[in-house]
Amino acid sequence: MQYVINDLEPSALFHYFEEISAIPRPSLGEDKIADYLEAFAKARGLWCYRDGANNVLIRKPASKGRENAPTLLLQAHTDMVCEKRPEVVHDFNTEGLTLCRKGDLLFAEGTTLGADDGFGVAIMLALLADSALSHPPLECLFTSAEEIGLVGAGRFDYRLLLARYMLNLDSAEENTVIVGCCGGIRSKISLPVFPSSVEGAALTVTVGGLCGGHSGEDVHRGRLNANVEMGRLLQKLADTTKIRLAHLSGGDKSNAIPRDCTATVWVEDAAAAEAFAADAQAYFSAGIMAKEDENAFVRVERCEIHTALSFEDTAKVLRVLSLPNGVLSWRTDPPIMPHYSRNLASVRTSGECIVFELSSRSPDASLLELSCREQSGLAASIGATVSYSGSYPGWESATDAPLVKMWQQAYASAFGLEVTPTLIHAGLETGLITNAVKGLEAISVGCHIHDLHTPVETMELDSFARIYQTIVEFLRIIS
């Protein structure tokens, strides 16, 4: 293969990132990356275990003189969010990524980069391959299907672990050390609908060009949710004339803010339809808050349809689209950040059913329960069913814990800079793993990655190298 990063050190780090970027690794499709990890371990004579969920654990003995140091667990997930621009043809199940570089920034051609969490996987591979490092006994756990609800981590047998400390490599900011994360739960609302014949004016309404982003880490940035905005547009139309929805499709990934949505709708009053078409872009644009959404658009076109939902079913759909979304409450103690949020991630018309997928996040389990009660109540009131999955616990450690101090010392030693303990409004496997392994002390770190879960995802290469060098120093001093 042709490498695009061939002038930076440590060369092995960038080499491994490019190697894994060439391997398809969608959630629940990690067979090939698990094969790669097994072969990697075998070639180096390292102990390796692979389970039925494609989780892979590799052990590396301590370097000479460090045999009695406490074992350190390094952990990252192998899957990636598979998003692409609408015009891009790419099969994430069979094709690797096409990497591109612009100065210090690395990105993929028209798709997500997979730095979340490819950077962590590459770091662990580089550490395992380097025989010159000073380090304690290492356990490197590569988990699967994290992006769809920490699935792999939830299926791993933690009795296999010996570690006392844990370093999770799944953060997107270099100058922080994560000491806590949210818990979360996913939900699916399925609404039965009964189309019948229609005649007359119909419109196709398209919301597109939104930036989207990570439904936890970007939820507070004011970026618009395409599904919610479609609901707002359709409600505006319904306020002027009777409408019957025929088709609705928006969003794709349960942990991403949706970037596009399309609806087909029958309209009783043709004149009202024309007025709506003329005013839709201005009405939509007035709600744009984030600079990243400045190129977003609404397109309204005439079309022909022969069936549509009833007025009653259309009203039910609009009720789900108007469910409170985004940041629902804020943390009042420093750091000021979202405390409770919900993301209407996707909506699909499937036969005689419309399916809505949502995710809720909070470190407070009672707020997650509240979100479930609200959705269950809404579903019951409109004759829909709701199911819940992918529940995972939150996690919080002390800002002055020994592991935090050791990381701060390592970063200061490597670069003379301070690193700040903080919390994130996103889920990490750290919460699930520390809940399963009692007494395991953990932190999460990472390099600068921008616009995760979107086709404009980028990673700063200098930051990638710095975080690796900090980990090398951390391994040297950890005790």
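Please refer to the structure placed before this passage.
Residues numbered from 1 in each chain as written. Predicted model: local features only at pLDDT ≥ 70, side-chain atom pairs only at ≥ 80, totals over all residues. Heavy atoms only, no water.

A. Here's a closer look at empty space enclosed by the protein. Enumeration according to the criterion identifies two cavities of 30 Å³ or more in this entry. The space that makes up the largest cavity amounts to roughly 200 Å³. Looking at the largest cavity, it is lined by 21 residues, and the ones nearest its centre are E146, E147, H214, R361 and G427. Secondary-structure elements contributing two or more residues to the lining of the largest cavity are strand 9 (183–192) and strand 20 (353–362). (1 Å grid on protein atoms, 1.4 Å probe; cavity = no way out; pocket = protein on both sides within 12 Å on 5 of 7 lines; lining within 4 Å. Points joined across faces, edges and corners; volume = space filled by probe spheres on them. Helix = DSSP H or I, 4+ residues; strand = E, 2+ residues; numbered from the N terminus.)

B. Region of the structure containing the packing of aromatic side chains. In this structure the tally under the stated criterion is nine aromatic pairs. Where F17 meets F464, the ring centres are 5.8 Å apart and the plane angle is 70 degrees; that geometry is what we call edge-to-face. In this pair, F17 is assigned in helix 1 (residues 11–21) and F464 in helix 11 (residues 461–477), connecting sequence segments 447 residues apart. Accessibility classification places F17 together with F464 in one group, the buried group. An angle of 70 degrees between the planes, with centres 6.3 Å apart, marks the rings of Y49 and F156 as edge-to-face. Of the two residues, Y49 sits in strand 1 (residues 47–50) while F156 sits in the loop between helix 4 (151–155) and strand 7 (165–171), which places them 107 residues apart along the sequence. Aromatic ring contacts, followed pair by pair, group F14, F17, F119 and F464 into a single cluster. Positioned over the ring face of Y283 is K236, at 4.7 Å from the centre of the ring. (Phe/Tyr/Trp six-rings, centres within 6.5 Å; stacked < 30°, edge-to-face > 60°. Buried < 20%, exposed > 50% of the residue type's maximum accessible area, 1.4 Å probe, protein only. Lys NZ or Arg CZ within 6 Å of the ring centre and 35° of its normal.)

C. Expanded view of the side chain of H90. The residue H90 is located in the loop between strand 3 (72–77) and strand 4 (99–102) in this model. Within polar-contact distance, the side chain of H90 engages the backbone oxygen of G96 at 3.5 Å. Not counting residues within four places of it along the chain, the set of residues in contact with H90 comprises K84, E95, G96, L97 and T111. (Polar contact = N/O pair within 3.5 Å; in protein donor to acceptor, adjacent residues only side chain to side chain. Contact = heavy atoms within 4.5 Å.)

D. Representation of the sheet that holds strand 5 (residues 105–108). The strand order 4-5-26-25 describes an open sheet built from four strands, whose pairing is antiparallel. Every interior strand has two partners, whereas the edge strands, strand 4 and strand 25 (449–450), have only one. Relative to strand 5, strand 4 is paired through four bridges, and the arrangement is antiparallel. For K102, the partnering residue across the bridge sits in strand 5 and is L105. (Pairing = 2+ DSSP bridges.)

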